[in-house]
Number of protein chains: 4
Amino acid sequence: MSETGRTETFSDGVLAIAVTLLVLDLRVPARDTLHGSLAAALARQWPAYAAYLTSFLIIGIIWVNHHAVFELLGRIDRVTLFLNLVLLLTVVAIPFTTALLSEYLTARVDNARTAALVYSGVMLAMSGGFAALYAYVAHRPALLAEGVDPKAVRASIVRFSAVGIALYLGTVVIALFSAPLCLLAHLLIALYYCFQQIRPGPRTGTA
Amino acid sequence: MSETGRTETFSDGVLAIAVTLLVLDLRVPARDTLHGSLAAALARQWPAYAAYLTSFLIIGIIWVNHHAVFELLGRIDRVTLFLNLVLLLTVVAIPFTTALLSEYLTARVDNARTAALVYSGVMLAMSGGFAALYAYVAHRPALLAEGVDPKAVRASIVRFSAVGIALYLGTVVIALFSAPLCLLAHLLIALYYCFQQIRPGPRTGTA
Amino acid sequence: MSETGRTETFSDGVLAIAVTLLVLDLRVPARDTLHGSLAAALARQWPAYAAYLTSFLIIGIIWVNHHAVFELLGRIDRVTLFLNLVLLLTVVAIPFTTALLSEYLTARVDNARTAALVYSGVMLAMSGGFAALYAYVAHRPALLAEGVDPKAVRASIVRFSAVGIALYLGTVVIALFSAPLCLLAHLLIALYYCFQQIRPGPRTGTA
Amino acid sequence: MSETGRTETFSDGVLAIAVTLLVLDLRVPARDTLHGSLAAALARQWPAYAAYLTSFLIIGIIWVNHHAVFELLGRIDRVTLFLNLVLLLTVVAIPFTTALLSEYLTARVDNARTAALVYSGVMLAMSGGFAALYAYVAHRPALLAEGVDPKAVRASIVRFSAVGIALYLGTVVIALFSAPLCLLAHLLIALYYCFQQIRPGPRTGTA
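Source: prediction; values computed, not measured.

Visitor: So, the relation of the copies chain A and chain D: which residues are in play, and what are the values?
Guide: Superposing chain A onto chain D takes a rotation of 90° combined with a translation of 0.0 Å along the rotation axis, leaving an RMSD of 0.0 Å. Put plainly, the chains are arranged around a four-fold axis. Of every C-alpha in chain A, the one belonging to Gly-13 of chain A sits nearest the axis of rotation, 4.4 Å from it. By residue overlap, the copies meet through two different surfaces: only 12% of the interface positions of chain A are interface positions in chain D.

Written out as structure tokens, the structure is:
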């Protein structure tokens, strides 16, 4: 298998598992200790569903972007491998931060804030990791696949990295005020990315 | 790796993990709190085995159909990627709905109904997601692989999508009356699909 | 991706996840409720380590044999896909039966027997599923890869299937008498298979 | 799929799952039993984050090295398959030993020592398994890919294997004195490997 092929396989595996482990955050109310109806107990879990949906979309978009970056590469070196590992380190933490946020979303305001800060902080680290990986390969024309224009790739770095980091920095600020609003902001960012990426445009052309 | 290849790898990963996480719904009776024999305790867990078997077959058939759809494709675009993500979002929820149904299958009638409605509702959403993905690619001849007849593909949409959605709508109705019958209906649908797909026929010809 | 390629990817995924989920059966003694030393508490968990080792080797050998069977195939049909699903259905159950056996290995004799019977029964079903898959493809020369001799393949069926089924039937009998002996028998079978398959010979030649 | 390709896929799957299961060691403090603030409760879990980071890097490096070894191979035989399984057996145990070490890192000194010894012992077994796999293929020129110099491969064995085993033996010794220092030693070894492998040099040239 080629070097990029195997890195993609491993990354896809980690992303696929991380996205699937999110389901472990959806907990079945225990039958023995159920008070009232199951429907009411499930409805009370709305933070878990909202967090599941949001994190699923985020990891899905990470996968789509990871995919787009690796399509530009003809080969990878050791630094790329380790930057990729750092990115995956943050992705693997997402099921934990998702469970944390859904457990504390409606808790006492200081604890909800802590959970939202941790959730947003890991997303910020993730976008930073992505920016580092993207910047590294964009500045090494030798790693790019044939026919990929290094200038166009470099030009797209600033926007891609800056937008992601700025958006997640924004969620850190929102987390200070309201955990539910912070989760909503993450969901809106994820939906924005979905639609922005579906729409054809200059960026879609290169990535 | 090709675009369709990597999407298949990621989807296969998610499907493989979702199908394997079903085993977490099979719980070992704790030795310290066991009343009576282990055999009796295991026998009382029959809803868990029935739900495991049913959900395993359903995810298996999803994989076979996913496989069949992607064999028709020569390339994919961003919309296909996101429709695929939506489909996976419902598939990843299956281990949760399976655990829910097996926990409440023999519970108070209103809670059993809730669990059966959630289980059937997610399956309905899954068949809807599949129909959307299938309909999208079938109407874009540019995405189809060489030698695939767009007309034949479109002709098979109505039956494929309508049958799936109709069957799962049926299970939602059955869920209103009896959770065990609803699970049985899901099992029969899964077995029907297994045999229908094994038998050669006009649909098997295209997929 | 080719049909056999994607089936192998999916199967490899399920096998890899099943083998890795075995680790969930190794439980960390809770610090708050620990009586005596951690070393003693870990030592008391020997059934879990023995069951982990045994099931790991068994799934590893299943993977090696699955690998060997699919190397003989040039293409697969729907029946092969579903026979493969049935085989995977039993493999996915192994982490559950492993946890069950390790929890009850040293329990009251009737409960230990139940656990050993369930463990051996699932292994018997697995060897039956494997035999069915192997027998099916061996009798369909059109599915075999170029250069594979259908006669040699058929000749190896009887031994391969019969030996596996006979050995696991033997463990069912042993389970009636002693759960620890039954686990030991499974370990010895797994080790036998490891060494038998490493040694070159007529069977290794075809599979 | 080629023989080496499928072994890489299976190994990548196991490594990807093992690395992702590490997240299960990060536990969300239960809201109902929380004393004090969530921030304080999360801060008290620092051993879990330190162990997560360390084990993540270690498994990441295992993947990079596994990758490097398999790039040297043109084909594999049954013994390679089983040596690879033995290596994976130790890797799969890492999420368990990581959870054990993070639970007992700050516990009574004898229990912390036990946990650190188990953690270091499994890493030592892993480096032993890797050395065995590497030594086996290095002594079989028939397994090497075209253009790979068997002499250069053999020359790198001693350093590669000896360094790994010596380092992990060192951690076993440190475990006898201090569990936190032992975890720190593992983290430093992991970071050393990261940087050593990024730096170009004679070993990086062959692997």
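Visitor: Go over helix α5 (residues 94-104) of chain A with me, naming the residues and quoting the values.
Guide: Counting buried positions along α5 of chain A gives 11 out of 11 residues, so the element sits mostly inside the fold. Buried within α5 of chain A are the following residues: Ile-94, Pro-95, Phe-96, Thr-97, Thr-98, Ala-99, Leu-100, Leu-101, Ser-102, Glu-103 and Tyr-104 of chain A.

Visitor: Describe the interface of chain A and chain D, with residues and values.
Guide: Listed by partner, the interface residues are 34 residues for chain A and 42 residues for chain D. Its largest share of buried area at the contact with chain D, chain A owes to Arg-6, Phe-10 and Arg-78 of chain A, together 24% of the area lost on that side. Applying the counting criterion to the chain A and chain D interface returns zero salt bridges. Where chain A packs against chain D, one counts five residue pairs in polar contact (both at pLDDT 80 or more).

Visitor: Quick one: what's the story with helix α7 (residues 150-177) of chain D, residue by residue and with numbers?
Guide: Residues and elements named next belong to chain D. Its 28 residues place the ends of α7 42 Å apart at the C-alpha level, agreeing with the 40 Å of an ideal helix rising 1.5 Å per residue. Buried within α7 are the following residues: Val-153, Ser-156, Ile-157, Phe-160, Ser-161, Gly-164, Tyr-168, Thr-171 and Ala-175. Its side-chain oxygen at 3.1 Å from the backbone nitrogen of Lys-151, Asp-149 defines the N-terminal cap of α7.

Visitor: Pulling in residues and values, what's your account of a nonpolar patch on the surface?
Guide: All names here are of chain A. On the surface, Ile-174, Leu-181, Leu-184, Leu-188, Leu-191 and Phe-195 cluster together to form a nonpolar patch covering roughly 550 Å² of accessible area. Ranked by residue count, the leading element in the nonpolar patch is helix α8 (residues 179-198), at five residues. Relative to the elements of secondary structure, Leu-184 occurs in helix α8.

Visitor: Which residues make up the arrangement of the chains, and what values go with them?
Guide: One finds no contact linking chain A with chain C; the least C-alpha distance across the pair is 9 Å. In this view chain B stays clear of chain D, with the nearest C-alpha atoms of the two still 9 Å from each other.

Visitor: Describe the environment of Val-137 of chain C, with residues and values.
Guide: Residue and element names in this part refer to chain C. Note that Val-137 resides in helix α6 (residues 109-138). With relative accessibility at 3%, the residue Val-137 sits in the buried group. The sequence separation of Val-137 and Leu-72 amounts to 65 residues, and the corresponding C-alpha distance is 9.0 Å. With residues up to four places along the chain from it excluded, the contact list for Val-137 reads Val-69, Leu-73, Thr-80, Leu-143 and Leu-144.

Visitor: Outline the interface of chain B and chain C, supporting the account with residue identities and numerical values.
Guide: Put simply, an interface is often sized by how much accessible area is lost when its parts join up. Each partner contributes to the interface: chain B provides 43 residues, whereas chain C provides 34 residues. Both sides of the chain B and chain C interface together cover about 3400 Å² of buried area, and 73% of this is carbon and sulfur. The largest per-residue losses of area from chain B upon contact with chain C belong to Val-28, Arg-31 and Trp-63 of chain B, which jointly make up 19% of the total buried on that side. Viewed at the interface, chain C and chain B are joined by zero salt bridges. Of all the secondary structure elements, the ones that give two or more residues to the side of chain B that touches chain C are α1 (3-21), α2 (38-43), α3 (46-71), α7 (179-198) and α8 (202-206) of chain B. The biggest single contributor to the side of chain B that touches chain C is α3 of chain B, with 13 residues.

Visitor: Run through the pattern of salt bridges, naming residues and quoting values.
Guide: Where charged atoms from two side chains of opposite charge come close, those side chains can pair. All names here are of chain D. This model, assessed by the stated rule, comprises seven salt bridges over all chains. Here Glu-103 ties to Arg-27 by a salt bridge, and the two come within 4.0 Å at their closest N and O atoms. Here Glu-103, found in helix α5 (residues 94-104), pairs with Arg-27, found in the loop between α1 (3-21) and α2 (38-44); they are 76 residues apart in sequence, far enough to count as distant. Arg-108 is paired through a salt bridge with Asp-110; the nearest N and O atoms lie 2.9 Å apart.

Visitor: Go over the side chain of Thr-98 of chain C, please, and point to the residues and values.
Guide: Residue and element names in this part refer to chain C. For Thr-98, the position within the fold is in helix α5 (residues 94-104). At 2.7 Å, the side chain of Thr-98 and the backbone oxygen of Ile-94 are in polar contact. Ignoring anything within four residues of it in the chain, the contact list for Thr-98 reads Leu-22, Asp-25, Ala-51, Tyr-52, Ser-55 and Tyr-119.

Visitor: Lay out the relation of the copies chain B and chain C with the relevant residues and their values.
Guide: If you rotate chain B by 90° and push it 0.0 Å along the axis, it lands on chain C with an RMSD of 0.0 Å. Taken as a fraction of all interface residues of chain B, those also at the interface in chain C reach only 9%, which identifies the copy contact as different-surface.

Visitor: Describe in detail empty space enclosed by the protein, supporting the description with residues and values.
Guide: By the definition in use, this model includes eight cavities of 30 Å³ or more. The volume enclosed by the largest cavity comes to roughly 260 Å³. Along the walls of the largest cavity sit 23 residues, with Gly-13 of chain A, Gly-13 of chain B, Thr-9 and Gly-13 of chain C together with Gly-13 of chain D positioned nearest its centre. Elements with a minimum of two residues in the lining of the largest cavity: α1 (3-21) of chain A, α1 of chain B, α1 (3-21) of chain C together with α1 of chain D. Of the residues in the lining of the largest cavity, the class split is 11 nonpolar, eight polar and four charged.

Conventions we followed
- Residues numbered from 1 in each chain as written.
- Chains lettered and ligands numbered in written order.
- Predicted model: local features only at pLDDT ≥ 70, side-chain atom pairs only at ≥ 80, totals over all residues.
- Heavy atoms only, no water.
- Least-squares fit on C-alpha atoms with pLDDT ≥ 70 in both.
- Contact = heavy atoms within 4.5 Å.
- Buried < 20%, exposed > 50% of the residue type's maximum accessible area, 1.4 Å probe, protein only.
- Helix = DSSP H or I, 4+ residues; strand = E, 2+ residues; numbered from the N terminus.
- Buried area = accessible area lost by both parts, 1.4 Å probe.
- Salt bridge = Lys/Arg side-chain N within 4 Å of Asp/Glu carboxyl O.
- Polar contact = N/O pair within 3.5 Å; in protein donor to acceptor, adjacent residues only side chain to side chain.
- Expected span 1.5 Å × (residues − 1).
- Patch = residues over 30% accessible without salt bridge, like charges linked within 9 Å, V, L, I, M, F, W, Y side chains within 5 Å.
- Areas by Shrake-Rupley, 256 points an atom, 1.4 Å probe, with all protein chains shown as cover.
- 1 Å grid on protein atoms, 1.4 Å probe; cavity = no way out; pocket = protein on both sides within 12 Å on 5 of 7 lines; lining within 4 Å.
- Points joined across faces, edges and corners; volume = space filled by probe spheres on them.
- Nonpolar A, V, L, I, M, F, W, Y, C, P; charged D, E, K, R; others polar.

That is the geometry; function is a separate question.
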